[in-house]
Amino acid sequence: MAKKRRRTRSKREAPPKDGSAPSEIVTMPNTSRKDAAKLGKDDSAMVDATRGKVPHSIVVRHGPSTSHLAPLVADLRLIMEPNTAIKLRERKNASIKDYVAIAGPMDVSHIMVVTQRSKTPNIRISRMPHGPTITFRVEQYTLRAQVRASLHKPPLDMNKYIHQSPLVILNNFEADILAEKRHLKIASLVFQSMFPAINVKTVKLGDCKRVLLLNLNEDNETIELRHYLIRTKPVGVNRSIKRIITTSKLPNLQSAEDISEILNARSGYATSDSEMEADAQVELPRVKRARKEPITAHQRSAVCLTEVGPRMTLRVIKVEDGVFGGEVQYHAFETRSQVEVEALRAKHNEKERLRKERKAKQEENVQRKRELEESKRELKLAKRKAREEAAARGETVEDDDDEEVDSEEDDEADDDAESVDGGVADDDNDEEDEEADDE
């Protein structure tokens, strides 16, 4: 009997209940740092050409965390939409250096790492490929689900709002404040570089769907983060007409002889224009609309902001000049003298010199092993050719004991490479331990 083939259907991902748009699941590639470094060298020119146009970012969790950290990471990814991996899956054993290694091949310009080593979580943002790295302490935060539950009329469909990057508004970041406090200036530049730039002359009003507000409190040097949706409402019409033009459903005309009965049936008082200021009213251009899209073109409309979360209160606690490391430019809780800074800088330079020496030695051992294998391959081919010629003449050739010698040389080369790799791994662990001590 012929076996019946079992048909497998591709499972379609159900849309989330909160109204956010489903997107493709991205998993971390199971590649080593060496392979990712090779890919990064080959694709460096292409990445530099595309990174300046649209920045791309990934938001990941690292280290032990509580149950509230996963929703916070999901909310941060929603803010970074659409130029981020919305459902990236992290491996538990993945380190920060693994994410840095794959940043080049994946065309990632910013890496945001959310950690929690105390009661409050920390957010570390690093710009690829040279830094800087800035660390924020999240003093207070409210998740998007909690903000949504507090709204009287929350937006039903978030899918039509996240296809465009938000408008970044920096409030109270005055030039005199940034000149005096350099760490706040670096924070403002990092936030601006995480989102694509907007040309005011060519931007379309239909592309402005969200707003990311960053408000600086000069007294305590904290940054308030708010996330809003931009919505429009018609102005100067009564509620009956507004209900018709803002919804896709037509009223029931079965019991009415004239449409005026429907319009005057409910309260026919026009909405007061004083509810919305004149500066908050715009005239939307006429665009081709879908079948079920409400009519809002060529009509005075009021611009309303609806907060969707998350809310966060951030404080800058550390600024480093490298990628998740390097010289500390600012620390909120530790101050060092010039002598201590010079000593740490000399220590860092010495460690960097030793690391480069180990890497050069490792590359030398790998090259020596490749040359040895090539010579062995040529020697075997020569011996095989000699045996074939001797067999053609009817002679016998005795095999040498070179294979045992070659195997011993291979073992020595492998031991050298393993010793160098172990030194590099130990050096990486030492750097991670020092980073933990600094924090």
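These lines cover the structure that appears in this document, whether it is placed above or below. Along each chain, the written sequence defines residue order, and numbers are assigned to residues from 1. Reporting of local features is limited, given that this is a predicted model, to residues whose pLDDT is at least 70; pairs of side-chain atoms are given and counted only at 80 or more, and all residues count toward the totals for whole chains, interfaces and linings. Side-chain numbers come from the whole structure's heavy atoms, not from hydrogens or water.

## Regarding the overall build of the protein
Turning to step 1, where the next piece is worked out: To qualify as a helix, a DSSP run of H or I must reach at least 4 residues; to qualify as a strand, a run of E must reach at least 2; elements of each kind are numbered from the N terminus. For the protein, the helix and strand inventory stands at eleven helices and 13 strands.
Turning to step 2, where the next piece is worked out: The buried label goes to any residue with under 20% of its type's maximum accessible area, the exposed label to any with over 50%, and the partly exposed label to all in between, with areas taken from a 1.4 Å probe on protein chains only. Of all 439 residues assigned to the protein, the portion counted as buried reaches 32%.
Turning to step 3, where the next piece is worked out: By the convention used here, residues are in contact when the closest approach between their heavy atoms is within 4.5 Å. Partitioning the contacts of the protein with sequence separation of at least 6, the portion at a separation of at least 24 is 70%.
Turning to step 4, where the next piece is worked out: In these tables, accessible area is a Shrake-Rupley quantity obtained with a 1.4 Å probe, and a residue counts as shielded only by the protein chains included in the view. Carbon and sulfur atoms make up 49% of the accessible area of the protein, which amounts to about 29200 Å² in all.

## Quick look at helix α10 (residues 338-393)
Turning to step 1, where the next piece is worked out: Multiply 1.5 Å by the residue count of a helix minus one, and that product is the helix's expected span. Helix length check: α10 (56 residues) gives 83 Å between terminal C-alpha atoms against 82 Å at 1.5 Å per residue, within 8%.
Turning to step 2, where the next piece is worked out: Within two residues after α10, Gly394 carries a phi angle of roughly 85°, on the positive side.

## With respect to helix α4 (residues 96-103)
Turning to step 1, where the next piece is worked out: Of all eight residues in α4, six are buried, a share of seventy percent or more.
Turning to step 2, where the next piece is worked out: Restricting attention to buried positions, one finds in α4 the residues Ile96, Asp98, Tyr99, Ala101, Ile102 and Ala103.

## Considerations on the packing of aromatic side chains
Turning to step 1, where the next piece is worked out: Any Phe, Tyr or Trp ring, taking Trp's six-membered ring, that has another such ring centre within 6.5 Å forms a pair; planes under 30 degrees apart are called stacked, those over 60 apart edge-to-face, and the others tilted. One pass over the structure, following the stated rule, counts one aromatic pair.
Turning to step 2, where the next piece is worked out: Seen from their ring centres, Phe136 and Phe191 are 5.4 Å apart, and the 35° between their planes marks the pair as tilted. Separated by 55 residues along the polypeptide, Phe136 in strand β6 (residues 133-142) and Phe191 in helix α7 (residues 182-193) bring together distant segments of the chain. Note on accessibility: Phe136 and Phe191 belong to one class, buried.

## Quick word on the nonpolar core
Turning to step 1, where the next piece is worked out: Grouping buried Ala, Val, Leu, Ile, Met, Phe, Trp, Tyr and Cys residues that are joined through side-chain atoms within 4.5 Å yields what is termed a nonpolar core. Counting 34 residues, the largest nonpolar core has Phe136 and Ile223 as the members making the most contacts within it.
Turning to step 2, where the next piece is worked out: Per-element tally for this core: the top contributor is helix α3 (residues 69-80), with six residues.
Turning to step 3, where the next piece is worked out: The contact partners of Ile223, leaving out residues within four places of it in the chain, are Phe136, Phe173, Ala187, Phe191, Leu214, Asn215, Leu216, Met312, Thr313 and Leu314.
Turning to step 4, where the next piece is worked out: Within the second largest apolar cluster, 13 residues are counted, among which are Val60, Ala85, Leu88 and Val113.

## Structural notes on the environment of Asn215
Turning to step 1, where the next piece is worked out: In this fold, Asn215 is placed in strand β8 (residues 210-217).
Turning to step 2, where the next piece is worked out: A residue is classified by how much of its surface remains accessible, and Asn215, at 22% relative accessible area, is partly exposed.
Turning to step 3, where the next piece is worked out: When the C-alpha positions of Asn215 and Arg226 are compared, they lie 8.5 Å apart, and in sequence the two are eleven residues distant.
Turning to step 4, where the next piece is worked out: Apart from the residues within four sequence positions on either side, Asn215 is in contact with Asn171, Asn172, Thr222, Ile223 and Glu224.

## A look at the pairing of strand β4 (residues 110-115)
Turning to step 1, where the next piece is worked out: The buried count for β4 comes to six of six residues, which makes it a mostly enclosed element.
Turning to step 2, where the next piece is worked out: Taking every second residue as pointing to the same face, both faces of β4 are buried, with His110, Met112 and Val114 on one and Ile111, Val113 and Thr115 on the other.
Turning to step 3, where the next piece is worked out: A strand pair is defined by DSSP finding two or more bridges across the two strands. Relative to β4, strand β2 (residues 57-61) runs parallel, the two being bridged by five bridges. Across the sheet, the residue bridging to Ser57 is His110, located in β4.
Turning to step 4, where the next piece is worked out: For β4 and strand β5 (residues 122-127), the ladder comprises six bridges, and the chain directions are antiparallel. Paired with Val113 across the strands is Arg124, a residue of β5.

## Section: the environment of Thr306
Turning to step 1, where the next piece is worked out: With respect to the helices and strands, the residue Thr306 is situated in strand β11 (residues 300-307).
Turning to step 2, where the next piece is worked out: Through-space distance from the C-alpha of Thr306 to that of Pro155 is 8.4 Å; in sequence the pair is 151 residues apart.
Turning to step 3, where the next piece is worked out: Excluding its chain neighbours within four sequence positions, the residues that come into contact with Thr306 are Leu151, Pro155, His227, Tyr228, Leu229 and Arg231.

## Concerning the pattern of salt bridges
Any two side chains of opposite charge can pair, on the condition that their charged atoms come close.
Turning to step 1, where the next piece is worked out: In the sections that follow, a salt bridge refers to a side-chain nitrogen of Lys or Arg positioned within 4 Å of a carboxyl oxygen of Asp or Glu. Under the defined criterion, the tally for this structure stands at 16 salt bridges.
Turning to step 2, where the next piece is worked out: Taking the shortest distance from any N to any O, the salt bridge between Lys318 and Glu320 comes out at 3.6 Å. This pair shows no difference in class: Lys318 is buried, exactly as Glu320 is.
Turning to step 3, where the next piece is worked out: With a closest N to O distance of 2.5 Å, Arg345 and Glu327 form a salt bridge. One end of the pair, Arg345, is in helix α10; the other, Glu327, is in the loop between β12 (311-320) and β13 (328-331), and 18 residues separate them in sequence.
Turning to step 4, where the next piece is worked out: Among the residues examined, Arg345 registers a relative accessible area of 33% and is labelled partly exposed.
Turning to step 5, where the next piece is worked out: Among the residues examined, Glu327 registers a relative accessible area of 27% and is labelled partly exposed.
Turning to step 6, where the next piece is worked out: Taken together, the shared-partner salt bridges connect Glu224, Arg226, Glu307 and Arg311 into one network.

## Concerning the environment of Pro154
Turning to step 1, where the next piece is worked out: Checked against the element boundaries, Pro154 lands in the loop between α5 (144-150) and β7 (167-171).
Turning to step 2, where the next piece is worked out: On the basis of relative accessibility, which here comes to 27%, the residue Pro154 falls in the partly exposed class.

## Details of empty space enclosed by the protein
Turning to step 1, where the next piece is worked out: Here the term cavity refers to a set of points on a 1 Å grid, laid over the protein atoms alone, in which a 1.4 Å probe fits but cannot get out; the term pocket refers to an open set having protein on both sides within 12 Å along at least five of seven lines, with lining residues being those that place an atom within 4 Å of a point. Grid points are joined across faces, edges and corners, and a volume is the space filled by probe spheres set on the points. Enumeration over the complete set of coordinates arrives at four cavities of 30 Å³ or more.
Turning to step 2, where the next piece is worked out: When its volume is computed, the largest cavity comes out at roughly 130 Å³.
Turning to step 3, where the next piece is worked out: Lining the largest cavity are 14 residues, and of these Leu76, Met112, Phe191, Met194 and Leu225 lie nearest its centre.
Turning to step 4, where the next piece is worked out: Elements supplying a minimum of two residues to the lining of the largest cavity: α3, β5 and β12.
Turning to step 5, where the next piece is worked out: Per-element accounting of the lining of the largest cavity gives the leading share, three residues, to α3.
Turning to step 6, where the next piece is worked out: For the lining of the largest cavity, the residue count by class is 14 nonpolar, no polar and no charged. Residues are sorted three ways: Asp, Glu, Lys and Arg are charged, Ala, Val, Leu, Ile, Met, Phe, Trp, Tyr, Cys and Pro are nonpolar, and all the rest, Gly among them, are polar.

## Concerning unusual backbone geometry
Turning to step 1, where the next piece is worked out: Following Met128, the chain continues into Pro129 via a peptide bond in cis, with omega recorded as 0°.
Turning to step 2, where the next piece is worked out: Note that Pro129 resides in the loop between β5 and β6.
Turning to step 3, where the next piece is worked out: For Glu221, which is not a glycine, the phi torsion comes out positive at approximately 60°.
Turning to step 4, where the next piece is worked out: Note on Glu221: relative accessible area 22%, which makes it partly exposed.
Turning to step 5, where the next piece is worked out: One non-glycine residue, Phe324, lies in positive phi territory at about 55°.
Turning to step 6, where the next piece is worked out: Here Phe324 lies in the loop between β12 and β13.
Turning to step 7, where the next piece is worked out: On the basis of relative accessibility, which here comes to 5%, the residue Phe324 falls in the buried class.

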